[in-house]
Amino acid sequence: RDGWQRAIHAEDLPEVLKKFNEVGEKGEHFETECRILRSSDQSYRWHMLRGVSDYYISGEVGSWVITCTDIEDRKRIEKDLIQAKEASLAANEAKSNFLANMSHEIRTPLGVVLGFAELLAADDVPPKDKDMYLATIKKNGELLSRLIGDVLDLSKIEAGHLQIEKIPFSLPDFLFNSIQSFHHQAQDKGIKLTATLESAIPTIINSDPMRLRQILFNIVGNAIKFTNQG
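Residues numbered from 1 in each chain as written. Predicted model: local features only at pLDDT ≥ 70, side-chain atom pairs only at ≥ 80, totals over all residues. Heavy atoms only, no water.

Caption draft 1: Representation of the overall build of the protein chain within the structure. Within the protein chain, the secondary structure is distributed over eight helices and five strands. The order of helices and strands in the protein chain, counted from the N terminus, is α-α-β-β-β-α-α-α-β-α-α-β-α. When each of the 230 residues of the protein chain is scored for burial, the buried share is 30%. Sequence separation of 24 or more characterises 62% of the internal contacts of the protein chain that already satisfy a separation of 6 or more. (Helix = DSSP H or I, 4+ residues; strand = E, 2+ residues; numbered from the N terminus. Buried < 20%, exposed > 50% of the residue type's maximum accessible area, 1.4 Å probe, protein only. Contact = heavy atoms within 4.5 Å.)

See the structure below:
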């Protein structure tokens, strides 16, 4: 008896013994799956154990006839199917999250473009402000174009990530220009929006301005959305 127990994988043995003990006294047939050591190469392979009892004339269980069917190939296919299903679910979740994020990202620059286009339509716009409005519309239009390109790039969606750039640009200019994009929204709500550098920051950095702008737009956009005064 000890011999066959040693052949069963240590992780599977408790379940096998539990199953056997549950039906042992009653003589009920049973079946269970476990890994059994193969003597030829000392590897474990999955097997289906099926047991049928043999009775004495007295009606008591005299012995058991147990068969082992190799199901290693079936278990491997099951594992592959489970992994494929998990990968598919992960890809779908990544796609859903990506599209949800992109829909949120698109709204902010689109609102900026529409807001400054409305300001630009006024008859008494000073030339200096007109140039600033046009520059803001152009920058946010370019951002929209990049965002839409990301949405259309299915390979990025399926991979669950976007390509991150690393290019030099002026951080102070970037910050002030990004804040300026929200001037119209803040003005409509009657709240104050300013940008102040309270400590020294690098003039030029190597990073991804589009991704930083998305982060900043989320922060400032939410600040304006949830600020009623001040």
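Caption draft 2: Representation of the nonpolar core in the model. If you look at the biggest cluster of nonpolar residues, it comprises 17 residues, and the most contacted ones within it are Leu143, Leu147, Phe174, Phe182, Val220 and Ile224. For this core, the secondary structure elements donating two or more residues are helix H3 (72–120), helix H4 (127–152), helix H6 (171–180) and helix H8 (209–225). It is H8 that contributes the most residues to this core, five residues altogether. Discounting residues that sit within four places of it in the chain, Phe182 has contacts with Thr108, Leu193, Phe217, Val220, Gly221 and Ile224. The next biggest cluster of nonpolar side chains, apart from the first, holds eight residues, and it includes Phe116, Leu119, Val125 and Tyr133. (Core = buried A, V, L, I, M, F, W, Y, C linked by side-chain atoms within 4.5 Å.)

Caption draft 3: Fine view of the packing of H6 against H8. Two elements in contact, H6 and H8, have axes separated by 10 Å at closest approach and are oriented at 45°. As the angle between them shows, H6 and H8 are arranged oblique. Considering the relative orientation of H6 and H8, their crossing is right-handed. Seen from H6, the contacting residues are Phe174, Leu175, Ser178 and Ile179; seen from H8, they are Pro209, Leu212, Arg213, Leu216, Phe217 and Val220. Of the residues in the contact of H6 with H8, the class split is eight nonpolar, one polar and one charged. (Axes fitted to C-alpha atoms, helices over the stretch in contact; angles between N-to-C directions. Parallel < 35°, antiparallel > 145°, perpendicular 65-115°, else oblique. Left-handed = near helix turned anticlockwise from the far one by under 90°. Nonpolar A, V, L, I, M, F, W, Y, C, P; charged D, E, K, R; others polar.)

Caption draft 4: Spatial organisation of the packing of aromatic side chains. Evaluation of the coordinates by the stated rule reveals three aromatic pairs. Judged by centre distance (4.9 Å) and plane angle (85°), the rings of Phe182 and Phe217 are edge-to-face. Of the two residues, Phe182 sits in the loop between H6 and helix H7 (183–189) while Phe217 sits in helix H8, which places them 35 residues apart along the sequence. Like Phe217, Phe182 is buried. The ring centre of Trp46 lies 4.4 Å from the NZ or CZ of Lys75, which sits over that ring. (Phe/Tyr/Trp six-rings, centres within 6.5 Å; stacked < 30°, edge-to-face > 60°. Lys NZ or Arg CZ within 6 Å of the ring centre and 35° of its normal.)

Caption draft 5: Representation of a nonpolar patch on the surface. Taken together, Phe176, Leu197 and Ile201 make up a surface patch of nonpolar side chains, about 230 Å² in accessible area. On the secondary structure map, Leu197 appears in the loop between H7 and strand E5 (204–207). The exposure class of Leu197 is partly exposed, given its relative accessible area of 40%. (Patch = residues over 30% accessible without salt bridge, like charges linked within 9 Å, V, L, I, M, F, W, Y side chains within 5 Å. Areas by Shrake-Rupley, 256 points an atom, 1.4 Å probe, with all protein chains shown as cover. Salt bridge = Lys/Arg side-chain N within 4 Å of Asp/Glu carboxyl O.)

Caption draft 6: Inspection of the environment of Gly111 at higher detail. Secondary-structure assignment places Gly111 in helix H3. With 29 residues separating them in the primary sequence, Gly111 and Asn140 have C-alpha atoms 9.3 Å apart.

Caption draft 7: Inspection of the state of the cysteines at higher detail. Counting across every chain of the model gives zero disulfides. The structure places no disulfide on Cys34, whose sulfur is separated from the nearest cysteine sulfur, that of Cys68, by 6.9 Å. The class of Cys34 is buried, set by a relative accessible area of 0%. (Disulfide = S-S within 2.5 Å.)

Caption draft 8: Here's a closer look at the environment of Leu119. Summarising the element assignment, Leu119 is placed in helix H3. Residue classification places Leu119 among the buried positions, given a relative accessible area of 18%. Residues Leu119 and Lys130, spaced eleven residues apart in sequence, show a C-alpha to C-alpha distance of 8.7 Å. Residue contacts for Leu119: discarding those within four places in its chain leaves Val125, Tyr133 and His184.

Caption draft 9: Focus on the side chain of Arg35. Within the element layout of this structure, Arg35 appears in strand E1 (residues 30–38). On the accessibility criterion, Arg35 (19% relative accessible area) is buried. Here Glu11 takes part through its side chain, which lies 3.1 Å from a polar atom of the side chain of Arg35. A polar atom in the side chain of Arg35 sits 2.8 Å from the side chain of Asp12. (Polar contact = N/O pair within 3.5 Å; in protein donor to acceptor, adjacent residues only side chain to side chain.)

Caption draft 10: Spatial organisation of H8. Here H8 is 17 residues long and its end C-alpha atoms lie 23 Å apart, about the 24 Å a rise of 1.5 Å per residue gives. Near the N-terminus of H8, the side chain that reaches the backbone nitrogen of Met210, with its oxygen 3.1 Å away, is that of Asp208. (Expected span 1.5 Å × (residues − 1).)

Without other data, these values stay purely geometric and don't point to any function.
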